[in-house]
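Single-letter residue listing:
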There are 2 protein chains.
Amino acid sequence: MTLQAHALDLAASAVLPDGFDPGFADSPAARECRGGETLVRFTPKYADAARDVRVHWRLEGAANAPVVVVQGGISADRNALPGENIEGWWHGIAGDGRAIDTRCCRVLSIDWIECRDLGDALAVDTRDQAAALAALLDALGIERIHAYVGSSYGAMVGLAFAATHPQRVTRLVAIAGAHRAHPLSIALRNIQREIVRLGARGGDRAAGLALARRLAMTTYRSEREFAERCSGEPVFADGRFHFAEEPWLCASGARFVERFDGERYLALSESIDLHAVAPESIRVPTTLVGISSDRVVPLADLCELQRRCGASATLHVIESRYGHDGFLKEDAQIGVILVEVLALAGGAR
Amino acid sequence: MTLQAHALDLAASAVLPDGFDPGFADSPAARECRGGETLVRFTPKYADAARDVRVHWRLEGAANAPVVVVQGGISADRNALPGENIEGWWHGIAGDGRAIDTRCCRVLSIDWIECRDLGDALAVDTRDQAAALAALLDALGIERIHAYVGSSYGAMVGLAFAATHPQRVTRLVAIAGAHRAHPLSIALRNIQREIVRLGARGGDRAAGLALARRLAMTTYRSEREFAERCSGEPVFADGRFHFAEEPWLCASGARFVERFDGERYLALSESIDLHAVAPESIRVPTTLVGISSDRVVPLADLCELQRRCGASATLHVIESRYGHDGFLKEDAQIGVILVEVLALAGGAR
């Protein structure tokens, strides 16, 4: 087993042969692969009564193995893992032979709920996402999860989950997310929402949403990446000059419009800005991961969270040229931290 | 005279009694105060022939004293100095008894020209502003100016002026402006322009321009100022939550719409992004001033400009909580630098 574990490479794409046995007694090779839509019931923060809420989820990994909840940013979905015709938004981190090794754990992820899922609630809070997750765990008969690993908005929801359901989770890993949004980041997301509304009022919803995404991209990436990627001369066309960053950012905006709609964007963007968890209320051992070049979540806020956390908390800082999006790019650095923190039996390294 | 000069306080509002004599022989107390509209002729960079261009200017200070050109950001005008019913956008720096002391120099400022002033030119370049200024100096019979002091866009135009008309200027002070715009700042201004266009296409020009200004404000000010100013709880009203920074930024947007129009904004914002001066082409002794918290003009770009400058160049860095807008706020720190660099006979300190 030691040799096998040693042979696993975090950076390699591990495809296992049929009948592969990871070789540890309590983690049979049998695979569990489920998913679906479950009706749960809770009272949203910005509503005055309980209601039924539909939660879309996916659970996959070694049968009966410990459960690791994996959640990403507001544009992520329940497909963190790769699958048939699914790339998996965190395929470099979660999967067979990866840092979150699905040969010795089961990964559970949900689609974010939004206002529309909450009936007439005024907004959707990170506590609502946490309540939906807890209710889903009840429905699936999972009493306690081995870990919650969340990035960006997923980290915020993880902090809300640890504050409101400490008995359900053994350890929390929060990457690029803090106990509250920074006021400058709030201002920039608020402007993004106003752009979406300006487009909608003027009859051009797609243009508004694409432009909002373009603005979001300037906050997700680092100054250095812009300097390195955008060095071409401006080109005059269609009555104005076009600058070197336009193809990159416009393509990102166009892709976003294809898979997202304005109402969902408004709800989840606002949810980030409403997020507020008192660090002292977090009673679960917590690992925080910050990214040096992240302009959305300043390291100072993670330091404050670490200092004030109600349970033991450690802060790791990784270097990246990708800013906030480092959580989607720095597989090797994040993988090393996760392998150590998760300590999955027989896991990689 | 030494005593008098010593008694002047950069931070104080100096109002001189009638008949006050600054006390140095070659700078008579007689006042020169002129201004107007002058037709000049040059070939714009993005046009193929010369044309007549109207330049609005103001010249004020001690009669026959050396001329200091003072230019600010894209929203500044020819009124750097205070006057009747005029606050003067740089009244803390330029005026009687100030660092740019109008008792021993004359301050000349122009309104920025824009595309509309250039006939059918595709865009307005910082070199066009420099050409307009040089042509105006001809018209006013001023062969050589004692100094050009520019901030933000005004600093960029100063660099263009020093590169194209080195024989007209003895020293250049460029505050919070570099030889080119940073690609991330270009991306953010490009989005501001798209917001203006989105509003115009949807029939709401004012909303687009105000929102673009709101976005610009997030780049002008520092993360720290946002953290300090915007700590209130969100408030639900009119179907959505309102966040702590909204009153501040929306008021700024509303004021901007009252004094600016979209077309001028598009032209001058684009002009910043088109700006490109080879540092090696600058043949005038240059003083660069950077602001530690400036997110529009990173210090690294000013360091590169200093390193590559074709003449002697020094770089000062001032500390500020106001980010890029520090050039409008840090009168004391900027004043000390200007007094030393300008070395006006009998000037303050």
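A brief report on the enclosed structure follows.

The next point concerns the packing of helix H5 (residues 205–220) of chain B against helix H7 (residues 246–259) of chain B. Residue and element names in this part refer to chain B. Closest axis-to-axis distance for the H5/H7 pair is 8 Å, and the angle between their directions is 125°. Considering their axes alone, H5 and H7 lie oblique with respect to each other. The two elements H5 and H7 cross, and the hand of that crossing is right-handed. Here H5 contributes Ala206, Leu209, Ala210, Arg213, Arg214, Met217 and Thr218 to the contact with H7, which in turn contributes Glu246, Trp248, Leu249, Cys250, Ser252, Gly253, Ala254, Phe256, Val257 and Arg259. For the contact of H5 with H7, a count of residues per class yields 10 nonpolar, three polar and four charged.

Between chain A and chain B, which share one sequence, the superposing operator has a rotation angle of 180° and an axial displacement of 0.0 Å; the RMSD is 0.0 Å. Here the two chains are linked by the operation of a two-fold rotation axis. For chain A, the residue whose C-alpha comes nearest the rotation axis is Gly202(A), separated from it by 1.8 Å. A share of 100% of interface residues in chain A that are also interface residues in chain B marks the association as one of identical surfaces.

Residues and elements named next belong to chain B. The end-to-end C-alpha distance of helix H2 (residues 126–140), which contains 15 residues, comes to 21 Å, matching closely the 21 Å that a straight helix rising 1.5 Å per residue would cover. Of all 15 residues making up H2, 12 are buried, and the element is well covered by its neighbours. Within the span of H2, buried status applies to Thr126, Asp128, Gln129, Ala130, Ala131, Ala132, Leu133, Ala134, Ala135, Leu136, Leu137 and Leu140. Put simply, Asp125 is the residue that caps the front of H2, since its side-chain oxygen is 2.9 Å from the backbone nitrogen of Arg127. Directly after H2, the chain includes Gly141, whose backbone phi takes a positive value near 75°.

Inspection of the entire model under this criterion finds 18 aromatic pairs over all chains. The interplanar angle of 25° and the centroid separation of 6.1 Å between the aromatic rings of Tyr148(A) and Phe161(A) together place this pair among those described as stacked. Here Tyr148(A), found in strand E7 (residues 147–151), pairs with Phe161(A), found in helix H3 (residues 153–164); they are 13 residues apart in sequence, far enough to count as distant. In this structure, Tyr148(A) and Phe161(A) share a single accessibility class: buried. Centre to centre, the rings of Phe236(A) and Phe241(A) are 5.0 Å apart; their planes meet at 75°, and the pair counts as edge-to-face. Of the residues examined, Phe236(A) reaches a relative accessible area of 31% and is grouped as partly exposed. Members of the aromatic cluster, connected to one another through ring pairs, are Tyr46(A), Phe236(B) and Phe241(B). Arg229(A) extends its terminal NZ or CZ atom over the ring of Trp248(A), reaching a point 3.8 Å from the ring centre. Seen from the ring of Tyr322(A), Lys329(A) lies directly overhead, with NZ or CZ sitting 5.0 Å from the centre.

To continue, consider the side chain of Asp301(A). Residues and elements named next belong to chain A. Along the chain, Asp301 falls in helix H9 (residues 299–308). A distance of 3.2 Å separates the side chain of Asp301 from the side chain of Arg180, its partner in a polar contact. Setting aside residues no more than four positions away along its own chain, Asp301 makes contact with Ala178, His179, Arg180 and His182.

What follows is about the interface of chain A and chain B. In this assembly, 43 residues from chain A lie in contact with 43 residues from chain B. Among the residues of chain A in contact with chain B, Leu184(A), Leu198(A) and Phe243(A) are the three that bury the most area, contributing 16% of the side total. For the interface between chain A and chain B, the tally reads four salt bridges. Here the side of chain A that touches chain B gets 14 residues from one element, more than from any other, and that element is helix H4 (residues 183–201) of chain A. Looking at the side of chain A that touches chain B residue by residue, the class counts come to 24 nonpolar, six polar and 13 charged.

A few words now on the nonpolar core. In terms of nonpolar packing, the biggest core is built from 168 residues, with Leu108(A), Tyr148(A), Leu108(B) and Tyr148(B) touching the most fellow members. The contact partners of Tyr148(B), leaving out residues within four places of it in the chain, are Val69(B), Gln71(B), Trp112(B), Leu133(B), Gly154(B), Val157(B), Gly158(B), Phe161(B), Val169(B), Arg171(B), Leu172(B) and Val173(B).

All names here are of chain B. With six bridges connecting them, strand E11 (residues 286–291) and strand E12 (residues 313–318) associate as parallel partners. Bridging across to E12, Thr286 finds its partner in Ala313. Between the parallel pair E11 and E12, the chain is carried across by helix H9 (residues 299–308), and the sense of this crossover is right-handed.

Inspection of the secondary structure puts Ala135(B) in helix H2. For the pair Ala135(B) and Leu159(B), spaced 24 residues apart in the sequence, the C-alpha separation amounts to 17 Å.

The rules behind each value
- Residues numbered from 1 in each chain as written.
- Chains lettered and ligands numbered in written order.
- Predicted model: local features only at pLDDT ≥ 70, side-chain atom pairs only at ≥ 80, totals over all residues.
- Heavy atoms only, no water.
- Axes fitted to C-alpha atoms, helices over the stretch in contact; angles between N-to-C directions.
- Helix = DSSP H or I, 4+ residues; strand = E, 2+ residues; numbered from the N terminus.
- Parallel < 35°, antiparallel > 145°, perpendicular 65-115°, else oblique.
- Left-handed = near helix turned anticlockwise from the far one by under 90°.
- Contact = heavy atoms within 4.5 Å.
- Nonpolar A, V, L, I, M, F, W, Y, C, P; charged D, E, K, R; others polar.
- Least-squares fit on C-alpha atoms with pLDDT ≥ 70 in both.
- Expected span 1.5 Å × (residues − 1).
- Buried < 20%, exposed > 50% of the residue type's maximum accessible area, 1.4 Å probe, protein only.
- Polar contact = N/O pair within 3.5 Å; in protein donor to acceptor, adjacent residues only side chain to side chain.
- Phe/Tyr/Trp six-rings, centres within 6.5 Å; stacked < 30°, edge-to-face > 60°.
- Lys NZ or Arg CZ within 6 Å of the ring centre and 35° of its normal.
- Buried area = accessible area lost by both parts, 1.4 Å probe.
- Salt bridge = Lys/Arg side-chain N within 4 Å of Asp/Glu carboxyl O.
- Core = buried A, V, L, I, M, F, W, Y, C linked by side-chain atoms within 4.5 Å.
- Pairing = 2+ DSSP bridges.
- Right-handed = clockwise from strand over helix to strand, strands pointing away.

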